[in-house]
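Architecture and fold: a report
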Amino acid sequence: MHDLKSILAQLKGRLIVSCQPVPAGPFDTVASVVAYARAAESAGAAGLRIEGRANVAGVAGASRLPVIGLVKRDLDGSPVRITPLLPDVAALAEAGAAIIAVDATDRPRPVSVPALIAEIKRHGRLAMADIATEDEARAALAAGADIVGTTMSGYAGPGPVPKEPDLGLVARCARLGAPVFAEGRYNTPEAAGAAIRAGADAVVVGSAITRPEHVTAWFRQAVETAARPPAPVLAFDIGGTKTLAALVAGRAILDRRVMPTPAVVGGDAWSDAMAGLVAGWGGRYARAAAAVTGLVAGGAWSALNRETLDIPREFPLAGKLAAILGMPVEILNDAQAATWGEYRFGAGQGRDMAFLTVSSGIGGGLVLDGRLRRGARGLAGSLGQLPVVLPGESVRLETLASGFGMARAARAAGRNGDARTVLAAAGAAEAWAEDILHTATKRLAAAIAGLQAIVDPERIVIGGGVGLADGFLDGLLEALRAHPEVMVPELALAELGADAGIIGAADIAASAP
Ligand SMILES: CC(=O)N[C@H](C=O)[C@@H](O)[C@H](O)[C@H](O)COP(=O)(O)O
């Protein structure tokens, strides 16, 4: 009889190694599976996950660790592969599995999940339910499962398999109160540790330890992608007034075309205009990207400021562009794309950095630990949206300190002209303009000091037509003097100018696996 409590106590907070060689590969023998199991045991693993009756019997005879047994079958008429049939349960129990894993996803199957779990219990073994959703976990527990495994997350739906493990599902299942084993794509020690912190009782790791073919492919792909000479990428930059298309290789722009952004975004006329803009470029690129004004999250595009561009709510831009171009299109916010461009090829190379573009509006982005941060809603780094509380009102930083904001202040002072006029007049020591510049830079400096306090980047890169104009950086540095020295960042001017967004977007698409 296998005692749930003592086996779970043995596995609690420990590593379980799944020894499942690539089918028909050089390690797909009982002897190799046993060798993997013994190596895992000698290195301190607390449990093993083994596929197939013969492998389970071999490992049970060679190791003292508890074995999670399963049988994979490819059935006609059902996508369920992990222990879908009742006779396999008996065979695994007889071979020495202490725990038997079954696919417990809500999909067409020959034998119901409750019937499989009852069969496992009948043989006195523990039932591990491999699920993909919290609802499936609830149903399996209600049917008597002893352990929930997040094994099937990412494999039971229609979409592509994600790269990262599903820590959110681990956390949600942990709240159900039953033992949870995190499993599936825990490919690094960091991810495995994160699973325990998310509430997992144990972590099952397979490919990263026992499938050298997979690990080799990960490294090969990373090395070859990094070594590849930059192939041209088609990139769009969709702004409030103009839409730019370019063929980009690394930081070089090979070709470019521009058109006014159509007034109505998303209709047939817009699709035709986008297709027309890149007509004749077919065959010159194999990847595509778009940097856009507004918010981007999960392939959808939304307006952040309806005055800049009136985008239909949650517009499926990635899908629409993919249909026009006939290939997947990476989409991202334009300021975040420019941040990545400056990080890869410009003033922020190789360091934790923030980027701020001060032009008609104010946008921004963050690169931390070599990764562009997009944020849960696509907002990360949007410093222009920072609320500024003034007596009696609350407005956003962008409304006050951007090019439009400075031009508005000039009109209020009875002057004509845009932000550049203000900067030129301030340079000539005209008091009215010095006043406006001082007010704008003072507000921006406060936000920048706040950003330094929150993120503490090594460098903040300033770009945008206003940010790069003569006199602006000096004004900003002057205004920063009012803040404690530790909150005054290292500032640098952007190096890629107006092309930063299109270069950054193209590079993100180029470096995807
Ligand atoms: C979805 C499915 O069939 N998963 C299988 C379940 O046993 C195995 O192929 C996985 O290797 C195992 O879950 C461990 O995951 P990873 O190899 O990602 O560490």
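All figures in this text were calculated on a predicted structure; none of them were measured in a lab.

**Section: the sheet that holds strand 22 (residues 491–493)**
Reading across the sheet, the 5 strands line up as 18-17-16-21-22 and stay open at both edges, with mixed pairing between neighbours. Each having just a single partner strand, strand 18 (371–373) and strand 22 make up the two edges of the open sheet. Between one strand and the next, the sheet's axes are offset by a mean angle of 25 degrees, whatever the strand orientation. Seen against the sheet, helix 13 (residues 334–345) touches strand 16 (353–358), strand 17 (362–368), strand 18 and strand 21 (459–463) and runs at an angle of roughly 50 degrees to strand 17.

**Comments concerning the nonpolar core**
By size, the foremost hydrophobic cluster in this structure holds 39 residues, and its most contacted members are L397, M406, L444, I448, I462, F472 and L476. Residue contributions to this core peak at 10 residues, all from helix 17 (residues 431–455). Core analysis: the next-biggest nonpolar cluster, separate from the first, contains 38 residues, V59, L116, I117 and L169 among them.

**Examining the domain arrangement of the protein**
Domain annotation for the protein reports domain 1 (4–219), domain 2 (233–334) and domain 3 (347–494). Centre-to-centre separation of domain 1 and domain 3, based on C-alpha positions: 52 Å.

**Section: helix 11 (residues 268–277)**
Along helix 11, the residues that are buried comprise W270, S271, M274 and L277. Seen along its axis, helix 11 keeps its buried residues to an arc of 125 degrees; they face one direction. In helix 11, the exposed positions that point more than 90 degrees away from the buried face belong to D268, A269 and D272.

**Describing the sheet that holds strand 9 (residues 233–238)**
Taking strand neighbours across the sheet as the criterion, the 5 strands line up as 11-10-9-12-15 in an open arrangement whose pairing is mixed. Pairing within the sheet leaves two strands with one partner each, and these edge strands are strand 11 (252–260) and strand 15 (329–333). Within this sheet the neighbouring strands show an average axis-to-axis angle of 20 degrees, counted without direction. Across 8 bridges, the pairing between strand 10 (residues 242–249) and strand 11 is antiparallel. When the sheet's bridge partners are listed, L247 is paired in strand 11 with D255. The strands that helix 13 touches are strand 9, strand 12 (287–292) and strand 15; relative to strand 15, the one it contacts most, it runs at about 100 degrees.

**Digging into the pairing of strand 15**
Among the 5 residues that make up strand 15, 4 are buried, leaving the element largely enclosed by the rest of the structure. Sheet topology note: the strand 12/strand 15 ladder contains 5 bridges and is parallel. Counted as the bridge partner of A289 is E330 from strand 15.

**Structural notes on the packing of helix 11 against helix 12 (residues 317–325)**
Following both chains from N to C, one finds helix 11 and helix 12 inclined at 55 degrees, their axes separated by 10 Å at the closest point. One way to sum up the angle between helix 11 and helix 12 is to call them oblique. The hand of the helix 11/helix 12 crossing is right-handed. Between helix 11, through W270, S271, M274 and A275, and helix 12, the contact on the second element is made entirely by L317, K320, L321 and I324. For the contact of helix 11 with helix 12, the residue count by class is 6 nonpolar, 1 polar and 1 charged.

**Comments concerning the pattern of salt bridges**
In this structure the tally under the stated criterion is 20 salt bridges. Of the charged contacts in the structure, one is a salt bridge between D499 and R256, with a shortest N-O distance of 2.8 Å. Note that D499 is positioned in the loop between strand 22 and helix 19 (500–511) and R256 in strand 11, a separation of 243 residues in sequence. The exposure class assigned to R256 is partly exposed, which follows from its relative accessible area of 42%.

The rules behind the values
- Residues numbered from 1 in each chain as written.
- Predicted model: local features only at pLDDT ≥ 70, side-chain atom pairs only at ≥ 80, totals over all residues.
- Heavy atoms only, no water.
- Pairing = 2+ DSSP bridges.
- Helix = DSSP H or I, 4+ residues; strand = E, 2+ residues; numbered from the N terminus.
- Axes fitted to C-alpha atoms, helices over the stretch in contact; angles between N-to-C directions.
- Contact = heavy atoms within 4.5 Å.
- Core = buried A, V, L, I, M, F, W, Y, C linked by side-chain atoms within 4.5 Å.
- Buried < 20%, exposed > 50% of the residue type's maximum accessible area, 1.4 Å probe, protein only.
- Domains from an automatic or database assignment.
- Arc of directions from axis to C-beta.
- Parallel < 35°, antiparallel > 145°, perpendicular 65-115°, else oblique.
- Left-handed = near helix turned anticlockwise from the far one by under 90°.
- Nonpolar A, V, L, I, M, F, W, Y, C, P; charged D, E, K, R; others polar.
- Salt bridge = Lys/Arg side-chain N within 4 Å of Asp/Glu carboxyl O.

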